[in-house]
Amino acid sequence: MAKMEVKTSLLDNMIGVGDMVLLEPLNEETFINNLKKRFDHNEIYTYIGSVVVSVNPYRSLPIYSPEKVEDYRNRNFYELSPHIFALSDEAYRSLRDQDKDQCILITGESGAGKTEASKLVMSYVAAVCGKGAEVNQVKEQLLQSNPVLEAFGNAKTVRNDNSSRFGKYMDIEFDFKGDPLGGVISNYLLEKSRVVKQPRGERNFHVFYQLLSGASEELLNKLKLERDFSRYNYLSLDSAKVNGVDDAANFRTVRNAMQIVGFMDHEAESVLEVVAAVLKLGNIEFKPESRVNGLDESKIKDKNELKEICELTGIDQSVLERAFSFRTVEAKQEKVSTTLNVAQAYYARDALAKNLYSRLFSWLVNRINESIKAQTKVRKKVMGVLDIYGFEIFEDNSFEQFIINYCNEKLQQIFIELTLKEEQEEYIREDIEWTHIDYFNNAIICDLIENNTNGILAMLDEECLRPGTVTDETFLEKLNQVCATHQHFESRMSKCSRFLNDTSLPHSCFRIQHYAGKVLYQVEGFVDKNNDLLYRDLSQAMWKAGHTLIKSLFPEGNPAKINLKRPPTAGSQFKASVATLMKNLQTKNPNYIRCIKPNDKKAAHIFNEALVCHQIRYLGLLENVRVRRAGYAFRQAYEPCLERYKMLCKQTWPHWKGPARAGVEVLFNELEIPVEEYSFGRSKIFIRNPRTLFKLEDLRKQRLEDLATLIQKIYRGWKCRTHFLLMRKSQIVIAAWYRRYAQQKRYQQIKSSALVIQSYIRGWKARKILRELKHQKRCEEAATTIAAYWHGTQARRELKRLKEEARRKHAVAVIWAYWLGLKVRREYRKFFRANAGKKIYEFTIQRIVQKYFLEMKNKMPSLSPIDKNWPSRPYLFLDSTHKELKRIFHLWRCKKYRDQFTDQKKLIYEEKLEASELFKDKKALYPSSVGQPFQGAYLEINKNPKYKKLKDAIEEKIIIAEVVNKINRANGKSTSRIFLLTNNNLLLADQKSGQIKSEVPLVDVTKVSMSSQNDGFFAIHLKEQGSEAASKGDFLFSSEHLIEMATKLYRTTLSQTKQKLNIEISDEFLVQFRQDKVCVKFIQGNQKNGSVPTCKRKNNRLLEVAVP
Ligand SMILES: Nc1ncnc2c1ncn2[C@@H]1O[C@H](COP(=O)(O)OP(=O)(O)OP(=O)(O)O)[C@@H](O)[C@H]1O
Ligand SMILES: [Mg+2]
């Protein structure tokens, strides 16, 4: 319920008190407790009147969303819970609508959230002000100037990972409609000493790390840099990486922001070149070198770095080298040059680096200003945002802290002045009597520091300008003399002079009691830092640089504009810029944001009361509340006041007709609030004590409860009555519906009964009629049947008569035809016999032949020449035709078969034919050879490596190569031999070795003899005076392929010698073995040796072959 409530006042659902002015009782403890309570509930903002106190939550809270912006937009300051947006809205509206220039002063110590607050203010204003392409560009440029300045001006410190190391004041300019036109940024006192040295745990400015992490290799090469941080003396190493910070990504953001702000590419590059040069300067090292006059002179150790710097910046190397070794002092017309020792050279180097960087920073600010400058000359309204370092109290406080604290003193003063002024002005405006308020005025401290005659800054300047030896000690002495009596100044000496021995005060220190607390300053370095000396030789060397940006940073180096006057000291420069700032702020309506840091650990949820207490004290917040409460703690315009409390009085509730003020008067009278507790202003009621307000709030709360009960009561009554009425109405409706339903049902019943009775009666009637009808129908059917039978009888009689008539007619026709035929035949008999018989015969024959051929066509046998089938003869008289036809058909299919033959096959068949002519019906072996294909070369001597020699010996074509059994002439036993036939010779070779045993030219073969039986024996007869082989006599062989071998031998001899070889087939023939003529006789052998024929030499004259 509470969450649903619409907020109309700061006072609704307050955690603690939203405005410290309402704190009762008011003291440090209640103040801190209130802050803590709110902080614990994520309420980081609390008001002191119109001042916003902000406690750094150190984590992102969901309170800056666009919805929140909408919530706070155009709402009154006290309407919603305290928020920085409420202050921004108030400032912006009063700038836009009341034409009042505004300034927003954000203070607090380092890490308290000033910079974040300033960005929140800017983003709120950007979100609520006008829109449009041009305006958006201006907004974007203003917002994007932040990342650029933060990269160059912020650094990680022990207090804050993104600590602003410069003060920033930004004027945002608007036109009369409240649209942004542009802006001007002023920067104060960049902490340049950080460039050359950083305290432990801290880093140099972000830009150095961003450049080294984020730049491309190409860019690094161009800038002559290396990515490794440890290469650079100016970058402390112990905390080079910051948790949660991506330097490389930030580098891209910065480059992008530079582009949006309007930096040209070459400008951005120049800036990075200067940054690189500063980094590299830190790497230059010096060594002592003795000179003739006995003095030490410094020399650069390694000139490589110097060379690269010079290349980068376009400075003549010798010029810069000399500037690091000599120092020229010009006084009037004289010019004296002295050498630098190593310490001085290092001092010069660091001074140059610091100056280069701080001037670059100022140049950047100017360059940004140029971009964001308002383009029109129309009158502008201005909102200034000041984000400046807060009060600093460290263990070692030096010149920088002194300057910063001085600035804060000035701001506090202006705060007091303006707050009191505003309060006073409001009282006057509202016509309320002003009572004096007691508060601490720090003008006296400001005077101690800035007084022109005896202020500390003036003393320091005097010391710096004084001739003779000047040290920090002489400066302290001077202070001791001049300021000894000041209440807010302390030092050991001054104390001593007043005979007070404060041992807590060390030597070479002084202490100032600032409004925010006592701060002890180490005097060491004050003079140097105030002098901020850069040797003229160096500035002249820089002016001579070819790099336009660097040249422009050192205008004093121009010899033409030589100025012997010393440049203003750092202190006086700062004093002047603070004075300008103060003047500027005084013309504006101030808005304050006081930032508080809840802990030193940068951690969320931790609220260190001691730390907060310290800050509350030095920010003077209690003082602030007191000033605000002087006289009246609370004020409110009449209308919202009446609106809020009107329920407390009968006259004003629920509506008051009349002026709001009168209403409030009536209300307060009715409530009997003591008259001294409030005052009526012109437009506001002023309440003196918070107690009164809280009493009012309590009453309101009670009354709200009563009202709620009342509303509840009425609502419940109304609800019950409406419920009852509804029920009654419903009951009537239901009854009506029910009655209708019942009647309907009864009617249906009666109707259906009537229907039943009706149907019975109708049924009965119908059956009666049906019976009658059936009888009638049966009578009709009987008549029809009788008629049908009668008609049938008649029809059959008629049919019979018609049939009889038709038969009679047909018989007449047949008889008539026969008679006619008879008559015709008698008349034409003689003609018919002469011709018709022959014609009929011819026709019949023709018809039979035709039928025969047609049938033959379908009965043809296959085309195979050996197919013996032939259809049987149908008619005897066609016998010869049938045989002839068979012969022709056979010849034709043989021709067809032959036509398919290749030449080779033809040769085989010729051979086969030859064989059949030679042996058919002569030798019993022949039929078994018909089916065997003649291969000739059974033994493939080409392929067998064993016979290679044999093959090589024969040059002619081999016709037969086969293993045969050679019969031994002496005993009839057989041995295997290779039998080879070539075109001209017959060769026998050993089967195992392939060696040729005998060679017979074909011309020497006279005859071949064999039996007529089924055996493979054959004899080859040779010429008696023939070759050498013939000397042993004729050969007797046995072979499985006798028919083939004999045929081939016959054919070869015929083709070679043109003579037919004599082939003798006889079961007894003579062979010549050497001198003997032996008879080879074939006999029917016994079955002892199975189917193999055996051969035996019986005697000199007889060799018997037994053929099974
Ligand atoms: N409103 C906020 N919401 C969330 N975090 C915040 C808020 N304000 C500050 N912080 C956190 O605190 C850190 C420090 O804040 P910021 O840099 O604004 O301090 P500062 O007062 O400007 O310090 P310095 O004086 O060192 O510049 C921020 O980086 C951020 O993390
Ligand atoms: Mg900051």
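Our subject is the structure that appears above.
Residues numbered from 1 in each chain as written. Chains lettered and ligands numbered in written order. Predicted model: local features only at pLDDT ≥ 70, side-chain atom pairs only at ≥ 80, totals over all residues. Heavy atoms only, no water.

When its secondary structure is counted, the protein shows 31 helices and 31 strands. Taking all 1108 residues of the protein together, 46% fall into the buried category. Long-range pairs, those at least 24 residues apart, make up 64% of the contacts in the protein between residues at least 6 apart in sequence. As displayed, the protein has an accessible area near 61100 Å², and 54% of this comes from carbon and sulfur atoms. Of the charged side chains in the protein, 176 are positive and 136 negative, and the gap between their average positions amounts to 19 Å. (Helix = DSSP H or I, 4+ residues; strand = E, 2+ residues; numbered from the N terminus. Buried < 20%, exposed > 50% of the residue type's maximum accessible area, 1.4 Å probe, protein only. Contact = heavy atoms within 4.5 Å. Areas by Shrake-Rupley, 256 points an atom, 1.4 Å probe, with all protein chains shown as cover. Lys, Arg positive; Asp, Glu negative; His and termini not counted. Charge placed at Lys NZ, Arg CZ, Asp CG, Glu CD.)

Take the site of ligand 1 next. Neighbouring residues of ligand 1: 17 residues in total, closest S110, K114, T115, S163 and S164. One nitrogen or oxygen atom from the side chain of N56 is found 2.7 Å from an oxygen atom belonging to ligand 1. Measuring from an oxygen atom of ligand 1, one finds a side-chain N or O atom of S163 at 2.4 Å. Within the complex, the protein chains bury 85% of what would otherwise be the 630 Å² of accessible surface of ligand 1. Those elements giving two or more residues to the shell around ligand 1 turn out to be α4 (114–128) and β5 (163–164). A total of three residues in the shell around ligand 1 trace back to one element, the largest contributor, which is α4. Split into classes, the residues belonging to the shell around ligand 1 amount to four nonpolar, nine polar and four charged. (Near = heavy atom within 4 Å. Polar contact = N/O pair within 3.5 Å; in protein donor to acceptor, adjacent residues only side chain to side chain. Nonpolar A, V, L, I, M, F, W, Y, C, P; charged D, E, K, R; others polar.)

What follows covers unusual backbone geometry. The omega torsion across E24 and P25 is -15°, close enough to zero to call that bond cis. When you line up the elements, P25 lands in the segment before α1 (28–40). With a phi angle near 55°, N74 is a residue other than glycine that sits in the positive phi range. Mapping N74 onto the fold places it in the loop between α2 (66–72) and α3 (84–98). Positive phi outside glycine occurs at S508, with the angle close to 45°. Counting through the fold element by element, S508 comes out in the loop between α17 (492–497) and β14 (509–514).

The next subject is the packing of aromatic side chains. Counted according to the given criterion, the structure contains 41 aromatic pairs. With a centroid separation of 5.9 Å and an interplanar angle of 70°, the aromatic rings of Y64 and F85 are classed as edge-to-face. Highlighted residues: Y64 in the loop between β2 (51–55) and α2 and F85 in helix α3, separated in sequence by 21 residues. Ring geometry for F1035 and F1037: centres 5.5 Å apart, planes at 15°, overall stacked. Each member of the pair, F1035 as well as F1037, carries the same accessibility label: buried. Each residue in the set F399, F402, F475, F489, F510, Y521 and F526 is aromatic and connected to the rest through ring pairs, giving one cluster. In this structure, R203 is placed above the aromatic ring of Y209, and the distance from its NZ or CZ to the ring centre is 4.0 Å. Directly above the aromatic system of F326 lies the positively charged group of R322, at a separation of 4.3 Å from the ring centroid. (Phe/Tyr/Trp six-rings, centres within 6.5 Å; stacked < 30°, edge-to-face > 60°. Lys NZ or Arg CZ within 6 Å of the ring centre and 35° of its normal.)

Core analysis: the largest hydrophobic core is formed by 211 residues, its most contacted members being F31, F152 and F510. If you tally residues by element for this core, the top one is helix α12 (residues 342–372), at 14 residues. Not counting chain neighbours up to four residues away, the residues in contact with F152 comprise F205, V207, V271, V275, Y357, L360, F361 and L364. (Core = buried A, V, L, I, M, F, W, Y, C linked by side-chain atoms within 4.5 Å.)

Quick look at the packing of helix α15 (residues 456–465) against helix α16 (residues 472–483) now. At a minimum axis separation of 10 Å, α15 and α16 run at an interaxial angle of 140°. If you check the angle between α15 and α16, you find them oblique. As for how α15 packs across α16, the hand of that crossing is right-handed. Contact residues: α15 offers I456, M459, L460, E462 and E463, while α16 offers T474, F475, K478, L479, V482 and C483. A per-class count over the contact of α15 with α16 returns seven nonpolar, one polar and three charged. (Axes fitted to C-alpha atoms, helices over the stretch in contact; angles between N-to-C directions. Parallel < 35°, antiparallel > 145°, perpendicular 65-115°, else oblique. Left-handed = near helix turned anticlockwise from the far one by under 90°.)

The coordination sphere of the magnesium ion (ligand 2), as far as protein atoms go, consists of T115 (OG1) and S164 (OG), spread over 1.8 to 2.0 Å. Taken together, the residues span a long stretch of sequence, with T115 in helix α4 and S164 in strand β5 at a distance of 49 residues. Taking the relative accessible area as the measure of exposure, T115 reaches 14% and is therefore buried. (Donors = N, O, S within 2.8 Å, 3.2 Å for Na, K, Ca; no water.)

Following the sequence through the fold, K478 ends up in helix α16. Classification of K478 as buried rests on a relative accessible area of 15%. The spatial distance from the C-alpha of K478 to the C-alpha of G282 is 36 Å, given a sequence separation of 196 residues. Residues in contact with K478, not counting those within four places in the same chain, are M459, E462 and E463.

Moving on, we get to helix α27 (residues 879–899). Spanning 21 residues, α27 covers 30 Å between terminal C-alpha atoms, matching the ideal 30 Å at 1.5 Å per step. Within α27, burial applies to H882, F889, R893 and C894. For α27, the angular spread of buried residues about the axis comes to 135°, placing them on one side. In α27, the exposed residues that point more than 90 degrees away from the buried face are S880 and D899. Turning to α27, the residues buried within the fold contact α26 (690–859). (Expected span 1.5 Å × (residues − 1). Arc of directions from axis to C-beta.)

Before going further, it helps to examine the sheet that holds strand β28 (residues 1068–1073). To summarise the sheet geometry, strands pair through backbone hydrogen bonds and adopt either a parallel or an antiparallel arrangement. Read from one edge of the open sheet, four strands run β28-β29-β31-β30, paired in mixed fashion. Both edges of this open sheet fall to β28 and β30 (1094–1099), since each of them pairs with a single strand only. This sheet shows a mean twist of 25° between the axes of neighbouring strands, independent of strand direction. Summarising the sheet, strand β29 (residues 1076–1084) and strand β31 (residues 1102–1107) pair through six bridges and their orientation is parallel. Residue pairing for β31: I1083 is matched across the bridge by A1106. (Pairing = 2+ DSSP bridges.)

Looking now at the pairing of strand β6 (residues 167–174). For β6, the tally of buried residues reaches eight of eight residues, placing the bulk of the element in the interior. Of the two faces of β6, the one holding G167, Y169, D171 and E173 and the one holding K168, M170, I172 and F174 are both buried throughout. Direction of pairing for β6 relative to strand β7 (residues 180–188): antiparallel, over a ladder of eight bridges. What sits directly across from G167, in β7, is Y188. Where β6 and strand β12 (residues 381–387) come together, seven bridges link them in antiparallel fashion. Within β12, the residue paired with F174 across the bridge is K381.

A few words on the environment of M582. When you line up the elements, M582 lands in helix α21 (residues 570–586). In this structure, M582 is in contact with C407, K410, L411 and I414, ignoring residues within four places of it in sequence.

This paragraph deals with the pattern of salt bridges. With the rule as written, the count across this model stands at 67 salt bridges. Between E804 and R807 there is a salt bridge, with the nearest N and O atoms lying 3.5 Å from each other. Of this pair, E804 and R807 both sit in helix α26, three residues apart, roughly one helical turn. In this structure E804 comes out as partly exposed when scored by relative accessible area, which is 38%. Taken together, the salt bridges that share partners define one network made up of E226, R231, K280, E305 and E308. (Salt bridge = Lys/Arg side-chain N within 4 Å of Asp/Glu carboxyl O.)

A few words on a positive patch on the surface. Taken together, the side chains of R825, R826, R829 and R833 make up a positively charged region of the molecular surface. Residue placement: R826 occurs in helix α26. (Patch = residues over 30% accessible without salt bridge, like charges linked within 9 Å, V, L, I, M, F, W, Y side chains within 5 Å.)

Here the focus is the sheet that holds strand β13 (residues 489–491). Read from one edge to the other, the open sheet built from three strands follows the order β13-β14-β15, with strand pairing classed as antiparallel. Taken across any chain shown, the strands that pair with only one partner, and hence form the sheet edges, are β13 and β15 (517–522). Within this sheet the neighbouring strands show an average axis-to-axis angle of 25°, counted without direction. The pairing of β14 with β15 spans six bridges and is antiparallel. Pairing of R511 across the sheet is with L520, part of β15.

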